[in-house]
Amino acid sequence: QKEVEQNSGPLSVPEGAIASLNCTYSDRGSQSFFWYRQYSGKSPELIMFIYSNGDKEDGRFTAQLNKASQYVSLLIRDSQPSDSATYLCAVTAGSARQLTFGSGTQLTVLP
Amino acid sequence: KAGVTQTPRYLIKTRGQQVTLSCSPISGHRSVSWYQQTPGQGLQFLFEYFSETQRNKGNFPGRFSGRQFSNSRSEMNVSTLELGDSALYLCASSLTLQGGNNEQFFGPGTRLTVL
């Protein structure tokens, strides 16, 4: 069983819609949760992080964490074609700082 | 503030050679981590350095090594290159080791091709 699982997609949404990206993790000791965006040929860019249960909003992005269900999600409101990228979910566990990544979800926003 | 820088950006080597990659973290950041990204395995953790000490190591063979200097700059070395070492090698820096500020910021990466 993979430690961090994401639906690989591809996920397509029309411009202006809400894109919903999901991630589950297996280690109950996971404490920190991150979403990275990676454009083709580029390095990952940190767009959201969340440490506590609940929702965290930053502009058009909302991260949701449910530790009981071992589930973290990213919502992108008013999706734009420039949001088309691969979104990587990453977690750290305990005092370890290494990021364990999911395989990423490829998102395409259609104009 | 300048971001994470990595050099070189591209490298082509042949099997059996060795390679050294360099990373300069964001100014003031003291922790540097290295990751390997391949299409088949995705992003995998190599090792982490803080205060010139390796704090954590991923599941990679001993051919992969690294070090950190007093100015927080880091290098990683891969000896006896194999075809499977072809990958994007990413360096990430973060402000502190524990507690808050755990966010890691990636550099542009070094694309290594082994022929």
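Use the structure listed above.
Residues numbered from 1 in each chain as written. Chains lettered and ligands numbered in written order. Predicted model: local features only at pLDDT ≥ 70, side-chain atom pairs only at ≥ 80, totals over all residues. Heavy atoms only, no water.

**Some remarks on the interface of chain A and chain B**
Next up, step 1: Taken together, the contact pairs 16 residues of chain A with 20 residues of chain B.
Next up, step 2: Between chain A and chain B, the buried area comes to about 1500 Å², and carbon and sulfur atoms account for 51% of it.
Next up, step 3: For chain A, the biggest contributors to the area lost against chain B are Arg-97, Gln-98 and Phe-101 of chain A; these three give 42% of the whole.
Next up, step 4: Scanning the region where chain A abuts chain B turns up 1 salt bridge.
Next up, step 5: The partner of Glu-48 of chain B in a salt bridge is Arg-97 of chain A, with the nearest N and O atoms 3.2 Å apart.
Next up, step 6: Linking chain A with chain B are 9 residue pairs in polar contact (both at pLDDT 80 or more), by the criterion used here.
Next up, step 7: Taken together, the elements giving at least two residues each to the side of chain A that touches chain B come down to strand S4 (30–38) and strand S5 (45–50) of chain A.
Next up, step 8: The leading source of residues in the side of chain A that touches chain B is S4 of chain A, at 4 residues.
Next up, step 9: Among the residues forming the side of chain A that touches chain B, the class breakdown is 10 nonpolar, 5 polar and 1 charged. (Contact = heavy atoms within 4.5 Å. Buried area = accessible area lost by both parts, 1.4 Å probe. Salt bridge = Lys/Arg side-chain N within 4 Å of Asp/Glu carboxyl O. Polar contact = N/O pair within 3.5 Å; in protein donor to acceptor, adjacent residues only side chain to side chain. Helix = DSSP H or I, 4+ residues; strand = E, 2+ residues; numbered from the N terminus. Nonpolar A, V, L, I, M, F, W, Y, C, P; charged D, E, K, R; others polar.)

**Points about the pattern of salt bridges**
All names here are of chain B.
Next up, step 1: All told, the structure shown has 8 salt bridges over all chains when counted by the stated rule.
Next up, step 2: For Asp-85, the salt bridge is made with Arg-63, and the minimal N-O distance between the two is 2.8 Å. Taken together, the residues Asp-85 in the loop between strand S8 (74–78) and strand S9 (87–94) and Arg-63 in the loop between strand S6 (53–57) and strand S7 (64–68) connect sequence positions 22 residues apart.
Next up, step 3: For Asp-85, a relative accessible area of 4% translates into the label buried.
Next up, step 4: Accessibility expressed as a relative area gives 16% for Arg-63, which makes it buried.
Next up, step 5: One salt bridge connects Arg-67 with Glu-75, and the closest N-O pair in it is separated by 3.2 Å.
Next up, step 6: Overall, the relative accessible area of 17% leaves Glu-75 in the buried class.
Next up, step 7: Within this structure, Arg-63, Glu-82 and Asp-85 form a network of salt bridges that share partners. (Buried < 20%, exposed > 50% of the residue type's maximum accessible area, 1.4 Å probe, protein only.)

**Regarding the sheet that holds strand S7 (residues 61–66) of chain A**
Residues and elements named next belong to chain A.
Next up, step 1: Taking strand neighbours across the sheet as the criterion, the 5 strands line up as S1-S3-S8-S7-S6 in an open arrangement whose pairing is antiparallel. Two strands lie at the open edges of the sheet, namely strand S1 (4–6) and strand S6 (54–58), each paired on one side alone. Neighbour to neighbour, the strand axes of the sheet diverge by 20° on average, direction disregarded.
Next up, step 2: Of the pairings in the sheet, the one linking S1 to strand S3 (residues 19–25) comprises 3 bridges and is antiparallel in character. When the sheet's bridge partners are listed, Glu-5 is paired in S3 with Thr-24. (Pairing = 2+ DSSP bridges. Axes fitted to C-alpha atoms, helices over the stretch in contact; angles between N-to-C directions.)

**Describing the environment of Glu-52 of chain B**
All names here are of chain B.
Next up, step 1: Take Glu-52: it is sitting in the loop between strand S5 (42–50) and S6.
Next up, step 2: Considered as a pair, Glu-52 and Gly-107 are 55 residues apart in the sequence and their alpha carbons are 19 Å apart.
Next up, step 3: Leave out the neighbours within four places in its chain, and Glu-52 touches Gln-68, Phe-69 and Ser-70.

**Looking at the side chain of Glu-103 of chain B**
Next up, step 1: In this fold, Glu-103 of chain B is placed in the loop between S9 and strand S10 (105–106).
Next up, step 2: With no salt bridge to any partner, buried Glu-103 of chain B finds its closest opposite charge in Lys-56 of chain A, at an N-O distance of 6.7 Å.
Next up, step 3: A polar side-chain atom of Glu-103 of chain B sits 2.3 Å from a polar atom in the side chain of Tyr-51 of chain A.
Next up, step 4: Non-local contacts of Glu-103 of chain B, meaning those with residues more than four positions away in its chain, are made with Phe-34, Leu-46, Phe-49 and Tyr-51 of chain A together with Ser-93 and Ser-94 of chain B. (Lys, Arg positive; Asp, Glu negative; His and termini not counted.)

**Digging into the nonpolar core**
Next up, step 1: In terms of nonpolar packing, the biggest core is built from 23 residues, with Phe-33, Trp-35, Val-72, Leu-74, Ile-76, Tyr-87 and Leu-107 of chain A touching the most fellow members.
Next up, step 2: Listing elements by their share of this core, those giving two or more residues are S3, S4, S5, S7, strand S8 (71–76), strand S9 (85–93) and strand S11 (105–110) of chain A.
Next up, step 3: Ranked by size, the runner-up nonpolar core spans 21 residues in total, among them Ile-26, Val-32, Leu-46 and Phe-47 of chain B. (Core = buried A, V, L, I, M, F, W, Y, C linked by side-chain atoms within 4.5 Å.)

**Overview of the sheet that holds strand S1 (residues 5–7) of chain B**
Residue and element names in this part refer to chain B.
Next up, step 1: Across the sheet, which stays open at both edges, the 4 strands sit in the order S1-S3-S8-S7 with antiparallel pairing between neighbours. Single-partner strands in this sheet number two, and they are S1 and S7. Between one strand axis and the next, the sheet turns through 20° on average, direction left out of account.
Next up, step 2: Here 5 bridges tie S7 to S8, and the two strands are oriented antiparallel to one another. For Phe-64, the partnering residue across the bridge sits in S8 and is Val-78.

None of this, on its own, says anything about what the molecule does.
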